[in-house]
Amino acid sequence: MEPWVADLLAWYRSRERPMPWRGHPDPYAVWVSEIMLQQTQVETVRPYFARFLAAFPTVADLATADDEPLLKAWEGLGYYTRARNLRKAAQRLVAEHGGALPRTAEGLRALPGIGDYTAAAVASICFGEPVPVVDGNVARVFARRNLLGGDFRKPAPRRALADWLSPHIAACGDPAAFNQAMMDLGAQVCTPRGPRCGVCPLRPGCRAAARGLQADFPAPPPAKALPERTGTALILCDAQGRLLLAKHPGERLLAGFWELPAPERLPFRVRARRVGTYRQTFTHFRLTLDIRAAKPLADSPTLPEGFRWADDPAALPLTTATRKILAAHPPA
Ligand code: SF4
């Protein structure tokens, strides 16, 4: 066993968090707890766990549960598919396994609602199988300790980490403690922000802590590819040097703001030449505007509603794009 594994286990044993499902003799109870803990905090799960086991004390009770009491017992915990899958799995266990849980991660994974993480958790905690749990918390710990790149929401880097952890959990002699230590460490010490390196058992070998790189690992997920929108904005002045502005057509956030008009909104013809490009990233899209300086072909075109000639555009509420474009390309 490597020293960091010994440190991890010693740390876990010295401060084991009491939880009603930890050390529970019934694999069914551990399975229920692990399903409840998916997407839900430990403190939220505690009362639900007790109520659920009181309502459905055995796999056979759960297998024959009616919808209403089942959903009532889950009410407020959210993600109700979890409860339905638990019952489906219980029915399979009764029909195919005499009501007992499979003793390996592979066997558990074949049941509805059980993925890699839950299968590894139940198999290691209940049956001592040396299969590592790898979720976002565990990935964060090792991305930092070992300075690993990669996007751990994807299966390949998770599998690679599980492969790296496998010989360590196999050699440690206590897979249940190893995995539960990893869960606790990720949830309580190596937290996303402000990791508590001073009390961390992995501190001696942690490369991120040694180099002050905790905030850089794991690498932030790549920026989402946003849809692109393009358009044209006209900087168009009349003979008196007044700038043409249009009311923003949107009804919500930008209602009431003025902006440079797009040529397709104009009721008259113009002569225009390109003077630049403007780019802005919004939450839901990226905008690229062609900026054109323009002159109306007719002398005094009539403006429809929603347009105005502005002597002093800066005095009006302008959209950010228009403000920045005018700062970069002052109307001639
Ligand atoms: S030393 Fe700090 S960064 Fe490294 S594993 Fe521990 S808590 Fe995380």
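Please read all numbers here as calculations on a predicted model, not as lab measurements.

Things to note about the site of the ligand
The full set of residues close to the ligand is Arg144, Cys190, Pro195, Cys197, Cys200, Arg203, Cys206, Ala209 and Gln214. Its residues assigned to classes, the shell around the ligand comprises 6 nonpolar, 1 polar and 2 charged.

What to know about the packing of helix H2 (residues 27–37) against helix H8 (residues 116–127)
Between two packed helices, what matters for the description is the angle formed by their axes and the separation of those axes. Relative orientation of the contacting elements H2 and H8 amounts to 150°, with a least axis distance of 10 Å. By the angle class used here, H2 and H8 are roughly antiparallel. Considering how the two elements wind past one another, H2 and H8 form a crossing that is right-handed. Contacts between H2 and H8 pair Pro27, Val30, Trp31, Glu34 and Ile35 from the former with Tyr117, Thr118, Ala121, Val122, Ile125, Cys126 and Phe127 from the latter. Classifying every residue of the contact of H2 with H8 gives 10 nonpolar, 1 polar and 1 charged.

Digging into the domain arrangement of the chain
Annotation of the chain at the domain level lists domain 1 (3–216) and domain 2 (229–328). Put simply, the middle of domain 1 and the middle of domain 2, counted by C-alpha atoms, are 56 Å apart.

Details of empty space enclosed by the protein
Per the stated rule, a full pass over the model turns up 1 cavity of 30 Å³ or more. What the largest cavity holds in volume is close to 110 Å³. If you go around the largest cavity, you meet 15 residues; those closest to its centre are Cys190, Cys197, Cys200, Leu202 and Cys206. Put simply, the parts of the chain that give the lining of the largest cavity at least two residues each are helix H9 (136–145) and helix H11 (175–189). In terms of residue class, the lining of the largest cavity is built from 10 nonpolar, 1 polar and 4 charged.

Some words on the environment of Leu297
The residue Leu297 is located in the loop between strand S5 (286–296) and strand S6 (307–310) in this model. Residues Leu297 and Ala272, spaced 25 residues apart in sequence, show a C-alpha to C-alpha distance of 9.9 Å. Ignoring anything within four residues of it in the chain, the contact list for Leu297 reads Arg269, Val270 and Arg271.

Things to note about the nonpolar core
Trp4, Leu8, Phe142, Leu165, Phe178, Leu185 and Leu202 are the most contacted members of the largest nonpolar core, which has 39 residues in total. Those elements that provide at least two residues to this core are helix H1 (3–14), H8, H9, helix H10 (155–172), H11 and helix H12 (207–211). The element contributing the most residues to this core is H11, with 7 residues. Setting aside residues up to four positions removed in sequence, Phe178 forms contacts with Trp4, Val5, Leu8, Leu9, Leu165, His168, Ile169 and Cys172. Counting 37 residues, the second largest nonpolar core, distinct from the first, contains Val59, Ala73, Leu86 and Ala119.

Notes on the pattern of salt bridges
Pairing is possible between side chains of opposite charge, provided their charged atoms come close. Across all of its chains, the model carries 14 salt bridges by this definition. With a shortest N-O distance of 3.5 Å, Arg286 and Glu228 are connected by a salt bridge. With Arg286 in strand S5 and Glu228 in strand S1 (residues 228–236), this residue pair connects regions lying 58 residues apart in the sequence. Exposure remark for Glu228: the relative accessible area of 52% places this residue in the exposed category. For Arg265, the salt bridge identified is with Glu259, shortest N-O distance 3.6 Å. Through salt bridges with shared partners, a single ionic network connects Arg15, Arg22 and Asp184.

Describing the side chain of Ser33
Its location among the elements puts Ser33 in helix H2. According to the relative accessible area criterion, Ser33 is buried, its value standing at 0%. Separated by 2.7 Å, the side chain of Ser33 and the backbone oxygen of Val30 make a polar contact. With residues up to four places along the chain from it excluded, the contact list for Ser33 reads Trp21 and Phe49.

Overview of unusual backbone geometry
Trans is the common state for peptide bonds, and a negative phi is the common state for residues other than glycine. Look at the link from Phe217 to Pro218: it is a cis peptide, with omega at -10°. Mapped onto the elements, Pro218 comes out in the loop between H12 and S1. Even without glycine at this site, Gln39 takes up a positive phi of about 60°. Here Gln39 shows up in the loop between H2 and helix H3 (42–55). Of note in this structure, Leu147 is not a glycine but carries a positive phi near 50°.

Regarding the sheet that holds S6
Spatially, the 3 strands line up as an open sheet ordered S3-S2-S6, and their pairing is antiparallel. Only two strands of the sheet have a single neighbouring strand rather than two, namely strand S3 (258–259) and S6. Taken together, the 4 bridges between strand S2 (residues 243–247) and S6 define a ladder with antiparallel strand orientation. Paired with Ala246 across the two strands is Phe307, which belongs to S6.

Brief notes about the pairing of S5
Note that S1 and S5 share 9 bridges and pair parallel. Across the sheet, the residue bridging to Gly231 is Leu289, located in S5. Bridge count between strand S4 (residues 270–281) and S5: 11 bridges; the pairing is antiparallel. Across the sheet, residue Arg273 finds its bridge partner in S5, namely Ala293.

Rules and cut-offs
- The numbering scheme is per chain: residues are counted from 1 as the chain's sequence reads.
- The predicted nature of this model means local features are confined to residues of pLDDT at least 70 and side-chain atom pairs, given and counted, to a pLDDT of 80 or more, with totals for whole chains, interfaces and linings taken over all residues.
- Computation of side-chain values covers all heavy atoms of the structure but excludes hydrogens and water.
- Here a residue is considered near a molecule or strand provided that any single heavy atom belonging to it is located within 4 Å of it.
- For this classification, Asp, Glu, Lys and Arg are treated as charged, while Ala, Val, Leu, Ile, Met, Phe, Trp, Tyr, Cys and Pro are nonpolar and the rest, including Gly, are polar.
- Fitted lines through C-alpha atoms give the axes, limited to the stretch in contact for helices. The angle between two N-to-C directions lies from 0 to 180 degrees.
- Going along the chain from the N terminus, every DSSP run of H or I of four or more residues is numbered as a helix, and every run of E of two or more is numbered as a strand.
- Convention used here: angles under 35 degrees read as roughly parallel, angles over 145 as roughly antiparallel, angles from 65 to 115 as roughly perpendicular, and any remaining angle as oblique.
- Left-handed describes a crossing whose near helix is turned anticlockwise from the far helix by less than a right angle; the clockwise case is right-handed.
- Contact criterion: two residues are considered in contact whenever any of their non-hydrogen atoms come within 4.5 Å of each other.
- The split of the chain into domains comes from an automatic or database domain assignment.
- We place a 1 Å grid over just the protein atoms. Points where a 1.4 Å probe fits but has no way out form a cavity, open points with protein on both sides within 12 Å along at least 5 of 7 lines form a pocket, and any residue with an atom within 4 Å of a point lines it.
- Grid points are joined across faces, edges and corners, and a volume is the space filled by probe spheres set on the points.
- What is meant by a nonpolar core is a set of buried Ala, Val, Leu, Ile, Met, Phe, Trp, Tyr and Cys residues, joined one to another through side-chain atoms within 4.5 Å.
- Three exposure classes are used, based on accessible area relative to the maximum for each residue type with a 1.4 Å probe and protein chains only: buried under 20%, partly exposed in between, and exposed over 50%.
- Here, a salt bridge means any Lys or Arg side-chain nitrogen found within 4 Å of an Asp or Glu carboxyl oxygen.
- Whenever two N or O atoms come within 3.5 Å, that pair is a polar contact, provided that in protein one can donate a hydrogen and the other can accept it, and provided that, for residues adjacent in sequence, both atoms are side-chain atoms.
- Between any two strands, pairing holds if DSSP finds at least two bridges.

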